[in-house]
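One letter stands for each residue in the lines below.
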Amino acid sequence: MMNQPKQIKNTLLFVMMIISIHALAQTSELQGKWILDKVVTNKGEPLEINNERYSNELIYSIKPNELQINDQKFKAQFSTSKIKTPFRSINYSFEGNYLKISDPSIDRIEYFLKADKYVAKYPEFKMKEIVREQDTLLVANAITDYDFNNELILDDFINKNMPIRESKKYNNLYFKIEFVLTKENKIKEIKILEPISPEFDNNYLKALKKAAPFFKNNTNKNLVIHIEKHYVQFYEDREDPNERKLHEILLKADALYRNNKFEEAIVEYNKIKALPIKNNHYKMTINDALKNLAISYLATGNQNLACENFKLVGNITDFSVRNYLLDFCKEE
């Protein structure tokens, strides 16, 4: 009887050790890059077609004490069933290969696949190979390419290391740069494909070189990376009357769309197609409008015109329209 307290203590220690090992294994399994594959309501039903989550890019990058959701990083704590950030608490579990995410305050359940499993299921996301001067390179995409290991995301790091530029000085709004990230994590062969101005371009290059030490190539080959920036101007700084007209049309069309007045929204959104907006200006804004136009066509029963407009936005590797194309626009 004298040894009973000691036995109880040893048993408790053993149980705590097992729980600790399980928690460690669970949180270790969490780490990595997860790609959203499907979303349903809490009752397991499909989302409505005009739900903003019906088709969108959602990538969770999980590291010890950190959760990155697309381009936002948060400090995080992980237990066997919860991910806690300073702003919210997320429930999670594993179902086969899926990471199941739910939030009690939101009526949806999200299912994620690890990046390698996602690419295996959807080979259209496999990185393309190109050959340059007898060297085979991979073209980066959002899923399995590289990490930027800094407390800031790459865009924020670049912006922090560039002079502030006033909106009204943006005569050209579209910028595109290409560079190679070697398998040894060195940046080389930098090319500005769409310049904004000599001053802006040089400042961007300086900021990119400061960012270089934080890149990590996740492949075993040299990696071609493209970065596109679509800057915008405040309404009062827009000198082009077509760009001012775009703003006015969107205000009206978006209001109609939000109020489920889809037939009227179709009329307004279609006016955008006649505007001669130059040099990729407002490309992202226009694509958002075309997506809403396509959804409006779906809502009013015109599937063919819906698919035509979804395809103007992108193909099945574009997350913003991917699920619509797969669900409604499969070619026979």
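Since the structure is predicted, the reported quantities are computational estimates derived from the model, not experimental observations.

Caption draft 1: Representation of the environment of lysine 176. For lysine 176, the position within the fold is in strand 13 (residues 174-181). Owing to a relative accessible area of 23%, lysine 176 belongs among the partly exposed residues under this scheme. With 17 residues separating them along the chain, lysine 176 and leucine 193 place their C-alpha atoms 5.4 Å apart. Sequence-distant contacts of lysine 176, defined by excluding residues within four places in its chain, comprise Lys191, Ile192, Leu193, Glu194, His226, Ile227 and Glu228.

Caption draft 2: Spatial organisation of the sheet that holds strand 4 (residues 72-75). The 9 strands lie next to each other as 4-3-2-1-9-8-7-6-5, forming an open sheet whose pairing is antiparallel. Unpaired on one side and paired on the other, strand 4 and strand 5 (77-78) mark the two borders of the sheet. As paired elements, strand 6 (residues 82-84) and strand 7 (residues 89-95) share 3 bridges and run antiparallel to each other. Along strand 7, the bridge assignment pairs isoleucine 83 with isoleucine 90.

Caption draft 3: Highlighting the packing of aromatic side chains. Counted by the stated rule, this structure contains 24 aromatic pairs. Relative to tyrosine 204, the ring of phenylalanine 175 has its centre 4.7 Å away and its plane inclined at 45°; by these criteria the two rings are tilted. One end of the pair, phenylalanine 175, is in strand 13; the other, tyrosine 204, is in helix 4 (residues 198-211), and 29 residues separate them in sequence. As far as the burial class goes, phenylalanine 175 and tyrosine 204 line up, both buried. Ring centres of tyrosine 257 and tyrosine 269 lie 6.4 Å apart, and the angle between their planes is 75°; this geometry places the pair in the edge-to-face category. Pair noted here: tyrosine 257 is in helix 5 (residues 241-258) and tyrosine 269 is in helix 6 (residues 262-271), with a separation of 12 residues, a long-range link. Residue tyrosine 257 is classed as buried on the basis of its relative accessible area of 11%. For tyrosine 269, a relative accessible area of 1% translates into the label buried. Among the aromatic residues, those joined into a cluster by ring pairs are Tyr146, Phe148, Phe157, Phe179, Phe214 and Phe215.

Caption draft 4: Here's a closer look at the packing of helix 6 against helix 7 (residues 283-299). At a closest axis distance of 9 Å, the pairing of helix 6 and helix 7 adopts a crossing angle of 145°. In this structure, helix 6 meets helix 7 at a crossing whose hand is left-handed. Contacts from Phe262, Ala265, Ile266, Tyr269 and Asn270 in helix 6 reach Ala289, Asn292, Leu293, Ser296, Tyr297 and Ala299 in helix 7. Across the contact of helix 6 with helix 7, the residue classes break down as 8 nonpolar, 3 polar and no charged.

Caption draft 5: The arrangement of the side chain of aspartate 240 in detail. Tracing the backbone shows aspartate 240 in the loop between strand 16 (223-230) and helix 5. Here aspartate 240 falls in the buried class, since its relative accessible area comes to 18%. In terms of polar contacts, aspartate 240 uses its side chain to reach the backbone amide nitrogen of asparagine 242, at 2.8 Å.

Caption draft 6: Spotlight on the packing of helix 7 against helix 8 (residues 303-313). Interaxial distance between helix 7 and helix 8 falls to 7 Å at its minimum, and their mutual angle equals 165°. Between helix 7 and helix 8, the interaxial angle falls into the category roughly antiparallel. The chirality of how helix 7 crosses helix 8 is left-handed. Side by side, helix 7 and helix 8 meet where Asn287, Leu290, Lys291, Leu293, Ala294, Ile295, Tyr297 and Leu298 of the first sit next to Gln303, Leu305, Ala306, Asn309, Phe310, Leu312 and Val313 of the second.

Caption draft 7: Looking closely at the nonpolar core. Formed by 74 residues in total, the largest nonpolar core has its most connected members in Tyr60, Ile83, Phe215, Tyr269 and Phe310. Broken down by element, the residue count for this core peaks at 8 residues, all from helix 7. When near neighbours in sequence (up to four residues on either side) are disregarded, tyrosine 269 contacts Leu250, Ala253, Asp254, Tyr257, Ala289, Asn292 and Leu293. If you look at the next biggest cluster of nonpolar residues, it comprises 14 residues, including Val40, Ile109, Ala115 and Tyr122.

Caption draft 8: How the structure looks around the side chain of threonine 219. Considering the arrangement of structural elements, one finds threonine 219 in the loop between strand 15 (215-217) and strand 16. Owing to a relative accessible area of 16%, threonine 219 belongs among the buried residues under this scheme. A distance of 2.7 Å separates the side chain of threonine 219 from the side chain of asparagine 217, its partner in a polar contact. Among the polar contacts listed, one links the side chain of threonine 219 to the backbone oxygen of lysine 221, at a separation of 2.8 Å. In this structure, threonine 219 is in contact with Met127, Leu138, Thr144 and Asp145, ignoring residues within four places of it in sequence.

Caption draft 9: Focus on the pattern of salt bridges. By the definition in use, this model includes 10 salt bridges. A salt bridge links glutamate 268 to lysine 271; the shortest N-O distance between them is 3.1 Å. In this pair, glutamate 268 and lysine 271 are both assigned in helix 6, 3 residues apart and thus about one turn of the helix distant. On the basis of relative accessibility, which here comes to 8%, the residue glutamate 268 falls in the buried class. A relative accessible area of 40% means that lysine 271 is categorised as partly exposed. Connected via shared salt-bridge partners are Lys252, Glu268 and Lys271.

Rules behind the numbers
Residues numbered from 1 in each chain as written. Predicted model: local features only at pLDDT ≥ 70, side-chain atom pairs only at ≥ 80, totals over all residues. Heavy atoms only, no water. Helix = DSSP H or I, 4+ residues; strand = E, 2+ residues; numbered from the N terminus. Buried < 20%, exposed > 50% of the residue type's maximum accessible area, 1.4 Å probe, protein only. Contact = heavy atoms within 4.5 Å. Pairing = 2+ DSSP bridges. Phe/Tyr/Trp six-rings, centres within 6.5 Å; stacked < 30°, edge-to-face > 60°. Axes fitted to C-alpha atoms, helices over the stretch in contact; angles between N-to-C directions. Left-handed = near helix turned anticlockwise from the far one by under 90°. Nonpolar A, V, L, I, M, F, W, Y, C, P; charged D, E, K, R; others polar. Polar contact = N/O pair within 3.5 Å; in protein donor to acceptor, adjacent residues only side chain to side chain. Parallel < 35°, antiparallel > 145°, perpendicular 65-115°, else oblique. Core = buried A, V, L, I, M, F, W, Y, C linked by side-chain atoms within 4.5 Å. Salt bridge = Lys/Arg side-chain N within 4 Å of Asp/Glu carboxyl O.

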